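The chain contents come next:
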Amino acid sequence: MLYLKCMSLSVRKILLALLICAAAACAKPRVYLPPVDLQGVHPDYAERLVALVRQYVAVDKHVLLVDNAQQSDKKLQLRLIREKHGVIVAFEMRKSKDDSLIWAYRHIAYDANYFIPIVSRVSKEKIR
Amino acid sequence: MRMRFLTTAPAMAHLFAFAMLACCAVLNGCATVKVEVDDSREGYAIYCNGKKVCDNSENCEVPVPSGDEMYLEAEKDGVVYGEAVIHRGDGGYTTQTLAPRGTAEIAAKTVGMPLGIAAGAIQPLEYITTTTEYFPAEVMIPVMPPDSAVSAYPWDQPDPSK
């Protein structure tokens, strides 16, 4: 306490600024998951995909999922697009404030079991 | 004589260092892995650890990275159709399809997982381990749909595992 009193005002300001910066750096981005965009795929698979994303994100702990789009920093749009032999699992991360694209990733799935390694990889390497 | 030694010793040291660097470059830095896909039509871009290394899978030589893992992906028209993960340093050399380590970890950590998700423990990811300190010289990335995909999965029907 005495030490703090002895500090000059400018030093205390710098320390406070550093503390705020550190807290901001440690804060996890809040990510909103809009409803899955489905093209030729039954809604059951959207449920399965979202459940997996929630589980992997909770384990990897890089972001915090929020239920309200207004409170989010980013939004992660998931898409399931039917094609000839399977389904394209598409991920698009956008900034909530201006909807600008941060990254996108698309991977083929030949059956629903493919969702696991795809989501595992994306959660570990891309969802930030 | 002494003067001559003093002038030649640094030169010898430089020569030795150069030789060592050259050896390292031959054994490590210049080493490449030939990456192919099992689709004769080719035209896949190859990514290694998230970075594009070849625009086309035809004649693709990927420089060996400094780490112990190569995560290779084959992409066409913006869609990843297959990958191969090579890990060096432990296990036996194999090219059979195995569950990736990440999935085993999450299966252990996730409690109360729905049965349909737990049933997906068998993975389609190609996982290769090698006992040597070197990566294999050639890797084939499977990109073709499995035989089971020919009789199309009922994507437009309710999830049977539900």
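Each remark here, short or long, concerns the structure printed above.
Since we're looking at a predicted model, the values are computed, not measured. (Residues numbered from 1 in each chain as written. Chains lettered and ligands numbered in written order. Predicted model: local features only at pLDDT ≥ 70, side-chain atom pairs only at ≥ 80, totals over all residues.)

1. A short note on the overall build of chain A
Helix and strand counts for chain A come out as four helices and six strands. Residues counted as buried form 30% of the 128 residues belonging to chain A. Counting contacts in chain A only where the partners sit at least 6 residues apart, residues at least 24 apart contribute 60% of the total. (Helix = DSSP H or I, 4+ residues; strand = E, 2+ residues; numbered from the N terminus. Buried ≥ 20, exposed ≤ 12 C-beta atoms within 10 Å, placed from the backbone. Contact = placed C-beta atoms within 7 Å.)

2. Remarks on the overall build of chain B
A tally of regular secondary structure across chain B gives four helices and eight strands. Shown N-terminal to C-terminal, the secondary structure of chain B runs as helices and strands in the order α-β-β-β-β-β-β-α-α-β-β-α. Counting over 162 residues, chain B shows a buried share of 23%. Put simply, of all contacts in chain B between residues at least 6 apart along the chain, 64% involve residues at least 24 apart.

3. Things to note about the pairing of strand E4 (residues 74-82) of chain A
Residue and element names in this part refer to chain A. Pairing of strand E1 (residues 30-32) with E4 involves two bridges; the strand directions are parallel. By the bridge assignment, Val-31 is partnered in E4 with Lys-74. In this sheet, E4 lies alongside strand E2 (residues 37-39) in parallel orientation, the contact comprising three bridges. Residue pairing across strands places Gln-39 opposite Ile-81, the latter belonging to E4. With nine bridges joining them, E4 and strand E5 (residues 87-95) adopt antiparallel strand pairing. Residue pairing across strands places Arg-82 opposite Val-87, the latter belonging to E5. Taken together, E4 and the strand that follows it, E5, pair antiparallel across an intervening segment of four residues. (Pairing = 2+ DSSP bridges.)

4. Considerations on the pairing of strand E8 (residues 138-141) of chain B
All names here are of chain B. Only one face of E8 is buried: it carries Val-139 and Ile-141, and the other face, with Glu-138 and Met-140, is open. Relative to E8, strand E1 (residues 32-37) runs parallel, the two sharing four bridges. Paired with Val-37 across the strands is Ile-141, a residue of E8.

5. A closer look at the environment of B:Ala84
Residues and elements named next belong to chain B. Tracing the sequence through the fold places Ala-84 in strand E6 (residues 79-88). For Ala-84, a count of 22 C-beta atoms within 10 Å gives the class buried. In this structure the C-alpha to C-alpha distance between Ala-84 and Tyr-47, which are 37 residues apart in sequence, comes to 10 Å.

6. Looking at the environment of A:Lys95
Residues and elements named next belong to chain A. With respect to the helices, strands and loops of the structure, Lys-95 is situated in strand E5. Look at Lys-95 and you get partly exposed, because 14 C-beta atoms sit within 10 Å. Distance in space between the C-alpha atoms of Lys-95 and Ser-72 is 8.8 Å, their sequence separation being 23 residues. Ignoring anything within four residues of it in the chain, the contact list for Lys-95 reads Lys-74, Ser-100 and Ile-102.

7. Brief notes about the nonpolar core
Generally speaking, nonpolar side chains in soluble globular proteins are found buried as a group. Judged by nonpolar contacts, the single largest core of 53 residues is most densely connected at A:Leu49, A:Phe115 and B:Ile46. Here the element with the most residues in this core is helix H3 (residues 43-60) of chain A; it accounts for six residues. (Core = buried A, V, L, I, M, F, W, Y, C linked by C-beta atoms within 7 Å.)

8. Let's talk about the sheet that holds strand E4 (residues 60-63) of chain B
All names here are of chain B. The strand order E4-E1-E8 describes an open sheet built from three strands, whose pairing is mixed. The open sheet has two edge strands with one neighbour each: E4 and E8. Pairs of neighbouring strands in the sheet enclose a mean axial angle of 35 degrees, with direction left out of account. (Axes fitted to C-alpha atoms, helices over the stretch in contact; angles between N-to-C directions.)

9. Structural notes on the packing of H3(A) against helix H4 (residues 115-125) of chain A
Residues and elements named next belong to chain A. H4 packs onto H3 with a crossing angle of 40 degrees between their chain directions and a minimal axis gap of 9 Å. Taken together, the axes of H3 and H4 lie oblique to each other. Where H3 crosses over H4, the handedness of that crossing is right-handed. Mapping the contact onto sequence places Arg-48, Leu-49, Leu-52, Val-53, Tyr-56, Val-57 and Asp-60 in H3 and Phe-115, Ile-116, Val-119, Ser-120, Ser-123 and Lys-124 in H4. When its residues are assigned to classes, the contact of H3 with H4 shows eight nonpolar, two polar and three charged. (Parallel < 35°, antiparallel > 145°, perpendicular 65-115°, else oblique. Left-handed = near helix turned anticlockwise from the far one by under 90°. Nonpolar A, V, L, I, M, F, W, Y, C, P; charged D, E, K, R; others polar.)

10. Re H3(A)
For H3(A), built from 18 residues, the straight-helix expectation of 26 Å at 1.5 Å per residue is met to within 8% by its first-to-last C-alpha distance of 26 Å. Among all positions of H3(A), only A:Tyr45, A:Arg48, A:Leu49, A:Leu52, A:Val53, A:Gln55, A:Tyr56 and A:Val57 are buried. (Expected span 1.5 Å × (residues − 1).)

11. Let's talk about H4(A)
For H4(A), the buried fraction is high: nine of the 11 residues fall into the buried class. Every buried residue of H4(A) is listed here: A:Phe115, A:Ile116, A:Pro117, A:Ile118, A:Val119, A:Ser120, A:Arg121, A:Val122 and A:Ser123.

12. Regarding unusual backbone geometry
All names here are of chain B. Despite not being glycine, Asn-49 has its phi angle at roughly 50 degrees, a positive value. Position of Asn-49 among the secondary structure elements: in the loop between strand E2 (45-48) and strand E3 (51-54). Taking the number of C-beta atoms within 10 Å as the measure of exposure, Asn-49 has 14 and is therefore partly exposed. We note that Asn-59 has phi near 55 degrees; this positive angle belongs to a residue other than glycine. Relative to the assigned elements, Asn-59 resides in the loop between E3 and E4. For Asn-59, a count of 10 C-beta atoms within 10 Å corresponds to the exposed category.

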